[in-house]
Structures are given as C-alpha cells and as structure tokens.
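# Chain and residue survey
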2 protein chains.
Amino acid sequence: MSYSDKEISELVRFAESLADAAKAETLPRFRNGAEIEDKTGPVFDPVTDADREGERVIRKLIGEAYPGHGIIGEEFGLTEGSEPWRWILDPVDGTRAFVCGVSTWTTLIALEHLEAPIIGLIDQPFTGERWIAANGETVHRIGNVKKICRTSNVKMLSEARISTTDPRESAYFTKSEASAFERVSTQARVARFSMDAYAYGLLALGELDLVLETSLKHHDYAALIPVIENAGGVVTNWRGAPPGTDDRGEIVAAATKELHAAAVKALAG
Amino acid sequence: MSYSDKEISELVRFAESLADAAKAETLPRFRNGAEIEDKTGPVFDPVTDADREGERVIRKLIGEAYPGHGIIGEEFGLTEGSEPWRWILDPVDGTRAFVCGVSTWTTLIALEHLEAPIIGLIDQPFTGERWIAANGETVHRIGNVKKICRTSNVKMLSEARISTTDPRESAYFTKSEASAFERVSTQARVARFSMDAYAYGLLALGELDLVLETSLKHHDYAALIPVIENAGGVVTNWRGAPPGTDDRGEIVAAATKELHAAAVKALAG
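Structural notes, computed from the coordinates. Each chain has its residues counted from 1, following the order in which its sequence is written. Just so you know, chain letters begin at A and ligand numbers begin at 1, following the order they were written in. Local features in this predicted model are restricted to residues whose pLDDT is 70 or higher, and side-chain atom pairs enter the listing and the counts only when it is 80 or higher, whereas totals over whole chains, interfaces and linings include all residues. In computing side-chain properties, one takes all heavy atoms of the structure into account and sets aside hydrogens as well as water.

So, on to the pairing of strand S8 (residues 129-134) of chain B. Residues and elements named next belong to chain B. S8 sits mainly inside the fold: six of its six residues count as buried. Burial here depends on accessible area, computed with a 1.4 Å probe over protein chains only, as a share of the maximum for the residue type. Under 20% is buried, over 50% is exposed, and the range in between is partly exposed. Secondary structure counts use DSSP, requiring at least four H or I residues in a row for a helix and at least two E residues in a row for a strand, with both numbered from the N terminus. With burial as the criterion, each face of S8 is covered, one bearing Glu129, Trp131 and Ala133 and the other bearing Arg130, Ile132 and Ala134. Summarising the sheet, strand S7 (residues 116-124) and S8 pair through five bridges and their orientation is antiparallel. By the bridge assignment for S8, Asp123 is matched with Arg130. In textbook terms, the turn of a hairpin is the stretch between consecutive antiparallel strands, and for S7 and S8 this stretch comprises four residues, one of which, Gly128, has a positive phi near 75°. Bridging between S8 and strand S9 (residues 137-142) involves six bridges; their strand directions are antiparallel. Looking at S9, one finds that Trp131 is bridged to His140. Two strands pair if DSSP finds at least two bridges between them.

Here we come to the packing of aromatic side chains. Any two of the Phe, Tyr and Trp rings considered here, Trp counted by its six-membered ring, make a pair once their centres fall within 6.5 Å; the pair's planes then place it as stacked at under 30 degrees, edge-to-face at over 60, or tilted in between. Evaluated as defined, the whole model comprises 23 aromatic pairs over all chains. A ring pair is formed by Phe173(A) and Phe181(A), whose centres lie 5.8 Å apart and whose planes are at 35°; its orientation type is tilted. Owing to a relative accessible area of 3%, Phe173(A) belongs among the buried residues under this scheme. Here Phe181(A) falls in the buried class, since its relative accessible area comes to 1%. For the pair Trp131(B) and Tyr198(B), a centre-to-centre distance of 5.6 Å together with 90° between the ring planes defines the contact as edge-to-face. Here the residue Trp131(B) occupies a position in strand S8, and Tyr198(B) occupies one in helix H5 (residues 198-204), the gap between them amounting to 67 residues. The class for Trp131(B) is buried, based on a relative accessible area of 0%. Among the aromatic side chains, those forming a connected cluster through ring pairs are Phe173(A), Phe181(A), Phe193(A), Trp238(A), Phe173(B), Phe181(B), Phe193(B) and Trp238(B). Here the guanidinium or amino end of Arg31(A) rests over the ring plane of Phe126(A), the centre of that ring lying 4.7 Å away. Should the NZ of a Lys or the CZ of an Arg lie within 6 Å of a ring centre and within 35 degrees of the ring normal, that charge is described as sitting over the ring.

Turning our eyes to something else, we now look at the sheet that holds strand S11 (residues 161-164) of chain A. Residue and element names in this part refer to chain A. Taking strand neighbours across the sheet as the criterion, the five strands line up as S12-S11-S13-S15-S14 in an open arrangement whose pairing is mixed. With partners counted over all chains shown, the strands left at the sheet margins are strand S12 (190-193) and strand S14 (234-236), one partner each. Averaged over neighbouring strand pairs, the angle between their axes works out to 15° when direction is ignored. As defined by bridge partners, S11 adjoins S12 across four bridges and the pair is classed as parallel. Looking across to S12, one finds that Ile162 is bridged to Ala191. Relative to the sheet, helix H4 (residues 175-185) contacts S11, S12 and strand S13 (210-213), its axis offset from that of S11 by approximately 165°. Throughout, a contact is declared for two residues whenever any of their heavy atoms are within 4.5 Å. Note on definitions: angles span 0 to 180 degrees between N-to-C directions of axes, and those axes are lines fitted to C-alpha atoms, for helices only across the stretch in contact. Taken strand by strand, helix H8 (residues 257-268) contacts S13, S14 and strand S15 (251-254), and its axis lies near 145° from that of S15.

Before going further, it helps to spend a moment on the side chain of Asp209(B). Residue and element names in this part refer to chain B. Checked against the element boundaries, Asp209 lands in the loop between H5 and strand S13 (210-213). Judged by its relative accessible area of 0%, Asp209 falls in the buried class. Side-chain polar atoms of Asp209 contact the side chain of Ser152, separated by 2.6 Å. When near neighbours in sequence (up to four residues on either side) are disregarded, Asp209 contacts Ser152, Val154, Glu159, Ala160, Arg161, Leu203, Ala253, Ala254, Ala255 and Leu259. What qualifies as a polar contact is a pair of N or O atoms within 3.5 Å, subject to a donor-acceptor requirement within protein and to the restriction that residues adjacent in sequence count only when both atoms come from side chains.

With that settled, the discussion passes to the sheet that holds strand S10 (residues 145-148) of chain B. Pairing between sheet strands relies on hydrogen bonds along the backbone, with the strands arranged either parallel or antiparallel. Residue and element names in this part refer to chain B. One open sheet holds the eight strands; their spatial order is S4-S3-S5-S6-S7-S8-S9-S10, and the pairing between them is mixed. The outermost strands of the open sheet, each flanked by one partner alone, are strand S4 (77-79) and S10. For this sheet, the mean angle separating the axes of adjacent strands, direction not counted, is 15°. Judged from the four bridges that link them, S9 and S10 form a sheet pairing that is antiparallel. Looking at the pairing, Ile142 lines up with Val145 of S10. Here helix H1 (residues 5-26) sits on the sheet and contacts strand S5 (85-93), strand S6 (106-113), S7, S8 and S9; the angle it forms with S7, its principal contact strand, is near 35°.

Definition of nonpolar core: a set of buried residues of the types Ala, Val, Leu, Ile, Met, Phe, Trp, Tyr and Cys, connected through side-chain atoms within 4.5 Å. If you look at the biggest cluster of nonpolar residues, it comprises 43 residues, and the most contacted ones within it are Trp131(B), Tyr200(B), Leu224(B) and Ala253(B). For this core, the secondary structure elements donating two or more residues are helix H3 (95-99) of chain A together with S6, S8, H5, helix H7 (224-229) and strand S15 (251-254) of chain B. For this core, the element with the highest residue contribution is H5(B), accounting for six residues. Apart from the residues within four sequence positions on either side, Leu224(B) is in contact with Leu108(B), Ile122(B), Ala197(B) and Tyr200(B).

Under the fitted operation, chain B is carried onto chain A by 0.0 Å of movement along the axis and a turn of 180°, and the coordinates agree to an RMSD of 0.0 Å. When the rotation and shift are considered jointly, the pair of chain copies conforms to a two-fold rotation axis. Residue by residue, 100% of the interface of chain B is reproduced at the interface of chain A, so both copies engage with the same surface. What sets the superposition is a least-squares fit of C-alpha atoms, and only residues with pLDDT of at least 70 in both copies go into it.

Below, the structure written as structure tokens:
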C-alpha cells in the first residue's frame, strides 16, 4: 500500500470536517421551506439549495487542502485529480425524504485510493448520527457516545428485517425488480421503506439485516461499502458480483454471508 | 363545557409527565437487542417490553393521580372510569419501526372528555421531538425550541407529499385499499412510507400534505385528531365521515380542505 495509517487518520479527520461543513449548509435548510426544483423528466427528482451548497462547500475544502485529489459529486460531476485519491460525494442522499421533513436523508462522503474504497462516512445532521468506516472498523457516533458497529447474526430470510427505499415499480425499480423484491420481502420477517442510505447505517448497527436496491449510482453506494464490510456485512450487486459491475445500480447488503447467499438466490427467482 | 382552561393546563402538564415516564421505559430499550414477541397469527405483529412497560408505567401514574379516569391502552385494554375523562394510550406506535432501529416509532397519549378528543400528544424519544395539541393549538418542541404547527397550503394532489405506512397489500391494506392508495399516490408529487403516527406530526408541521391509512385502532388515531385539527388540517375516514365510524380504521389526514376533498374523491375511484 502506498499510504500510512497516520495518513488515513488525518484523512478521516478531514472527512469529518467536510461532513461538519456540509451540515452547516444542509441542517438550517431542513424543515425550513426549502425551494424544490425538479431535476429531470416525468418522475419527480427534487434538488434543493441544500444539495448544491452542501456539495459546493465540500468541493472548495478539498480543493484547498488536497488540490491533487479527484472528486465525483452528485450535483457538480467529475473533477479529475493528479493523485490516486478520489472523493465521492452525495451532499444530500435522500432529497425526497429531505423535502418531506423526514430525517433519513444523509450526507455521504467516500474516499477511494486507486478506485478502492478506503474511507466511508454517513452523516445524519438532524439526529446527530455519524457512521465512520476506516482501518477495518465502522464506528457509529451520536455526540460523544461511540459504538463499534457489528451487523446482526441473522442467517435466514424468514428472520430478516429487510428494507428498500421504494418497493413499487417506480423511479427506482423496474417491474421485474419490484417483483423480485416482493419475492424476497414476503419471505422476510418485516420490511421498512423510504430510508435511502440511512438503511445501510442501521444494517451496520445490527438493526436491519438486509437492504436491496437498484438505480444506485457511484455517489450513492461508494460510502456504504466500507461502512457495511467493516461491520461484518456483505455487499454486492443482485448477482453476487461487486457493486458497480452491472448497468442497473444493484445493491444487496446483508448482515451475514449466509443471508446474502439466500437473498441472491431468492432474487434470481 | 364542564372543565376550565386551568384544568386543561394541568392535564397537559400531566400528559407530558406520562410521556416522560414512558420514555424512561422505551428509549433505553431502543436499539438495544429488545426481545421481540409475535402477538398474533400469520402476519408478524411484534410486541416488546418497551410496549408493555411503557403502558404499565403510564397506567400506574394515571391510577394514582386520577383514579376516576378511564383508560384504553393497546397492550392492557380497557379500564372503566367513573368520570367523563378517558385516556387513550399507545406506548409504542410503530413497533415494527422500533425493532428495525428506525426512529419513527412514537408514544401516543390522548385525553377525551365525553369521548371528544381534548388533548393529543405525540412523543419521539430518540429525536427528542414532542407534539402537544390542546386549547386550539398544536406545539412542536425539540428541547427548548418550540414551534406552533401549521399545515401546508397545498390544495392539489399533483403538489402533494403523501405518506402511508405500507403501500402494499399487507398487514394494513386490503387489495382494493392498496389499489385506491396507488390511484392517489401516482397523482401525488412524492410518497414516503413506514412512518406510522410520526407522519401525522410531519403533516402538522407542514412537511407532508396527505396521509392515508387503514387498519388504525382507537389508540392509533385518538391523539392524532387534535394534533392535525389544531394545526389547520382535516382528518376523516376515507369517505369523509369522522374517524372511527367505519369498520376498517380508515384515516385521511390532509393539510387543507381542498386537498382533503380531492383525496376522498380519488379514493372513491
């Protein structure tokens, strides 16, 4: 490896400062009559000043501290770097939740080295929760209360607490994906919806056991991979291959390798 | 009326002390490996010590302070009273959320006088949020930050942010109810799920515009009625009649009377 533990510790502190800076832009706009623009076509895809200003402040800080690092962000795209480090940013993951006053939106910050995820951070400013994954460990923090994350021991679908952001044929799922999710979720113990990346934080904490989604982009899943893997979970696409290797943005995140195998099998039908 | 404003103020303070006592039983058990029992038959219907101990402590305090008051609670049923006052309790509304680590479960406390709702309280211990409806006003509080609740001005379905706990044919919706919800929600701007009574708190805050549910019992909706009405919203069953007058536990809660009328019309098909 071409970096030291000390370097990673500094970069973790820096990632935390980025999350703090984003919070100063997002939280004051939450439940505060944010102007909502619709980004795209027939399906409502909102963007707010919280998204834009959150990313702007993060990009500025990275550019000042690490001008050679690359950046990929949801709102402002790609900045090529001259070094092997690259930041992957989603200032407000879950903008639909944000505009509905629901505190499951998060700020996602990932750092990759030669395209391998090294640091993952999930921040929820309203509840004050932060997940930080680095050096083989995922830590959940609320204020000064820290907890080392461990996924649950659930191995069977019939015991699983499952989640996806929207179970319907919708902005995310095609008709066949919605059917596949239904096939899995009807076997599960209980299902909760509408949580975006926050669900993966609950998986790392051992509170959910399985999360299934599609239509995720690099900035949606980059931070989640170390958060889940460092907590003992497994994350792949719906066929068991690495995230990002299909054209549907598929994610299966599971608490155990047994549950992961059962989910991949059930998704295949 | 057979009660004074002073009496209501005392009863509001008492209702808050009940919520505080329930919180001491529920919050320490949240995300803490709660033992989950399944209450009923083929559909997973969890109950935990948080539900039982939360209600037990509330009933004890009411019995000591107001021995003549009646009580209806989710876990321990009916205690007949000798006075026209009756407390309606749900110590943990959203037990499915509770067992998935999701902070949208709430404690619901309502006080009725001659079966008319006088006080409504929604408490979310993890986020520290509390809604208190009494004397024609709904107040939302986080710590010392208070806000008078006003529903949004949204009048058209196409502008509405809509919610239900589970959009599928499920523990809650029959097949035709799921179809009716889909008919309404596909016209709406955005939909979020899995929030139980917390959604009605967001409606009172002006963050959601429309909530549609069925299968609600007296202890599920009693506290919500004053919270919504005092904030300027409208709450009925799916046909526009008062909650509790059908055998399906139907609720339509809307930000404005125009949106309410549009929703009732769309539900009818």
